[in-house]
Amino acid sequence: MGIASEQWRHAMKPTRWVVFFRTFVLYQLWRFLWINLRMVRMIAKSH
Amino acid sequence: MARVVVLGAGISGHTAALILRKKLARLHEVVVVSPARRWNWIPSNIWVGVGRMKKEQVTFELAPVYARAGITFRQARAVEIHPSGRAGAPEPYVVVESTAPDSQGAREEIAYDYLVNATGPKLNFGATPGLGPEGNSLSVCTFDHAEQTAHALDEAIARMKEGAKLTFVVGMGHGLCTCEGAAFEYAFNLEFELRRAGVREQARIVFLTNEAEVGDFGVDGLQIRRGGYDVPSSVFAESMFVERGIEWITGAHVHSVDPNEVTYETLDGQKRTLAFDFAMLLPPFTGVGLKAFDQDGQEITSELFAPNSFMKVDANYTAKPYEEWTPEDWPRTYQSPLFPNVFAVGIAFAPPHALSRPRKTENGVPVAPAPPRTGMPSGIMGRAVALSIADMIKRGAKQPTHEASMAKMGAACVASAGVGFWSGSAVSMTMYPVVPDYARYPGAGRSTRHTTGEVGAAGHWIKHILHHLFLYKAKAYPGWWLIPE
């Protein structure tokens, strides 16, 4: 068995919906705001 | 009047210099010594390396920026530190060697009141025979390397369009490398570009890393809360590799890179070879090799520097096993214990130990990712040291007044997985603290509230915005100081 197939068998795979939402603009706009907020909080904690 | 000399103009040194200049009156002098005449936003070298950006887009000339900011600039490399001056003249000084075309090799002594060593790493390609652009593999560590890699990728894609099937190896060129995140980004961007070019089916991509498991990133991995579980980052990283059909080999020390073949050893002690058509392998880092001398001209390099040539600061360098490592081992002020007017920041300071558990192969070959000290932590260290020095000069503070321990600092990191406003994506990660604290956060070592990660186009948008934001800041344009590190 090649490396890829053995590794494939043991790894977690995203569902179709997870993959879809990664580039679904409305959802990503929301994530954009949320991630920025998270990062600002991290910056504030670290300075 | 005081003179502060900053050696190096990377993220840490450049940040320190700009903040010092902002905080100190003009009667004080800030001098930056850098062998490179261009500043480089290194995180975007990944995009240069796949041909999505030109090197001009990730760099700019330092001299005009420093002239505008009121900072003295020497295009030179630091070669010696004389922290006690010379006999009869105790004023400390550094010896620098010009790298400017019109005065190449000329030496100069620069006296200082305070010294910030931000010299960054020496890219130690020599640690592995055949590693590096002068050998048999490629790199994205510098903008020139990245550009060369992009040309090689263009040629590979052209061959594949004619029907060739090629093997791409991306990863770490030595068991003691750091910056696994950069190789991770390059692997995903490479895969994305091959798909875009319509040749993905003809490519085998292998990620070859010294991490014991993918997603370790030299920080001992992360625990991310998802679906009611604290999930190791290796689970997410493996998922990303599988989704894109990228194979991975972990716990690897590369012995040699021959033309079209890499020889490596894994933790089980097995030595193997892997044939490749294209290899982008990052080198291990050491310090740049500064020498230090006392008043009598006797070399004291081993007192100021660790064996790997990084400068010792206020860390606990007592050798101890992984189980006894503590967050308190990590430096807070970055001040030299021997010379209170000397500091080291960014990659230039000697870390007390790694963050990832160090391992050896069955044959005793060390495979231990070195701790990353780049990006956000690097900039924060530069800021803290600059503020401390400014207080020492302006208010006569006897001790550093600002701290920036990586054990009390978080990091925000965006790892690109492909360029494109609609189709691109990146992994947006935050971690707190950078150095795991198992007493405060039992189990994970980090706050599961503040340690997060997710993949999506939003990450790419953020990465793109950060690219422009940090270039703006580094160019010291109006309001630059409002942008945090």
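Quick caveat: nothing in here was measured; it's all calculated off a predicted structure. Each chain has its residues counted from 1, following the order in which its sequence is written. A letter from A marks each chain and a number from 1 marks each ligand, given out in the order of writing. Confidence filtering applies because this is a predicted model: local features only for residues at pLDDT of at least 70, side-chain atom pairs given and counted only at 80 or more, and all residues used for totals across whole chains, interfaces and linings. Each side-chain value is derived from all of the structure's non-hydrogen atoms; neither hydrogens nor water enter the calculation.

1. Regarding the overall build of chain B
Item 1. Regarding its fold elements, chain B presents nine helices and 26 strands.
Item 2. Radius of gyration here is computed from C-alpha atoms only, and the compact-globule reference equals 2.2 Å multiplied by the residue count raised to the power 0.38. Computed over C-alpha atoms, the radius of gyration of chain B comes to 22 Å, within 12% of the 23 Å expected from 2.2 N^0.38 for 485 residues, which places it in the range of a compact globule.
Item 3. Each principal axis of the C-alpha distribution contributes one length, and for chain B these read about 70 × 50 × 45 Å.
Item 4. Counting only residues that meet the buried cut, chain B has 61% of its 485 residues in that class.
Item 5. Throughout, the Shrake-Rupley method with a 1.4 Å probe supplies accessible areas, and for residues the shown protein chains are the sole cover considered. Of the roughly 18600 Å² that chain B leaves accessible, carbon and sulfur atoms contribute 51%.
Item 6. The positive count covers Lys and Arg only, the negative count covers Asp and Glu only, and His and the chain ends enter neither. To locate a charge, take NZ of a lysine, CZ of an arginine, CG of an aspartate or CD of a glutamate. Within chain B, one finds 47 positive and 49 negative side-chain charges whose respective centroids are separated by 7 Å. Here a strand is any run of E in DSSP of at least two residues, a helix any run of H or I of at least four, and the numbering for each starts at the N terminus. Here the term buried applies to any residue with accessible area under 20% of the maximum for its type, exposed to any over 50%, and partly exposed to those in between, with areas from a 1.4 Å probe on protein chains only.

2. Brief notes about the pattern of salt bridges
Item 1. The rule for a salt bridge is simple: a side-chain nitrogen of Lys or Arg has to be within 4 Å of a carboxyl oxygen of Asp or Glu. Under the counting rule described, the total for this entry stands at 30 salt bridges over all chains.
Item 2. Between A:Arg9 and A:Glu6 there is a salt bridge, with the nearest N and O atoms lying 3.9 Å from each other. Taken together, the residues A:Arg9 and A:Glu6, both in helix α1 (residues 3-10) and three residues apart, mark about one turn of the helix.
Item 3. Given a relative accessible area of 31%, A:Glu6 falls into the partly exposed group.
Item 4. Here B:Glu243 ties to B:Arg244 by a salt bridge, and the two come within 3.6 Å at their closest N and O atoms.
Item 5. For B:Glu243, a relative accessible area of 29% puts it in the partly exposed group.
Item 6. Judged by relative accessible area, B:Arg244 falls into the buried class, the value being 10%.

3. Section: the pairing of strand β18 (residues 278-282) of chain B
Residue and element names in this part refer to chain B.
Item 1. Of all five residues in β18, five are buried, a share of seventy percent or more.
Item 2. A two-sided burial pattern is seen for β18, the buried positions comprising Phe278, Met280 and Leu282 on one face and Ala279 and Leu281 on the other.
Item 3. For two strands to be treated as a pair, DSSP must find at least two bridges joining them. Where strand β10 (residues 166-172) lies against β18, five bridges are found, and the strand directions are parallel. Its bridge partner being in β18, Phe168 is matched across the sheet by Phe278.

4. Some details on the packing of helix α1 (residues 11-23) of chain B against helix α8 (residues 375-395) of chain B
All names here are of chain B.
Item 1. Relative to each other, α1 and α8 sit at 30°, their axes nearing to 8 Å. Every pair of crossing elements has a handedness; the one defined by α1 and α8 is right-handed. Taking contact as the criterion, the partners of Ile11, Ser12, Thr15, Ala16, Ile19, Leu20 and Lys23 in α1 are, on α8, Gly375, Ser378, Gly379, Met381, Gly382, Arg383, Ala386, Leu387, Ile389, Ala390 and Lys394. Axis lines are fitted through C-alpha atoms, for helices just across the contact stretch, and the angle between N-to-C directions can take any value from 0 to 180 degrees. Rotating anticlockwise by less than a right angle from the far helix to the near helix defines a left-handed crossing, while the corresponding clockwise rotation defines a right-handed one. Contact criterion: two residues are considered in contact whenever any of their non-hydrogen atoms come within 4.5 Å of each other.

5. Describing a positive patch on the surface
Item 1. Any residue with relative accessible area above 30% and no salt bridge may belong to a patch, with like charges joined within 9 Å and the nonpolar Val, Leu, Ile, Met, Phe, Trp and Tyr side chains within 5 Å. A cluster of basic residues, A:Arg41, A:Lys45, B:Lys408, B:Arg440 and B:Arg449, forms a positive patch at the surface.
Item 2. If you trace the backbone, B:Arg449 turns up in the loop between β25 (426-431) and β26 (452-456).

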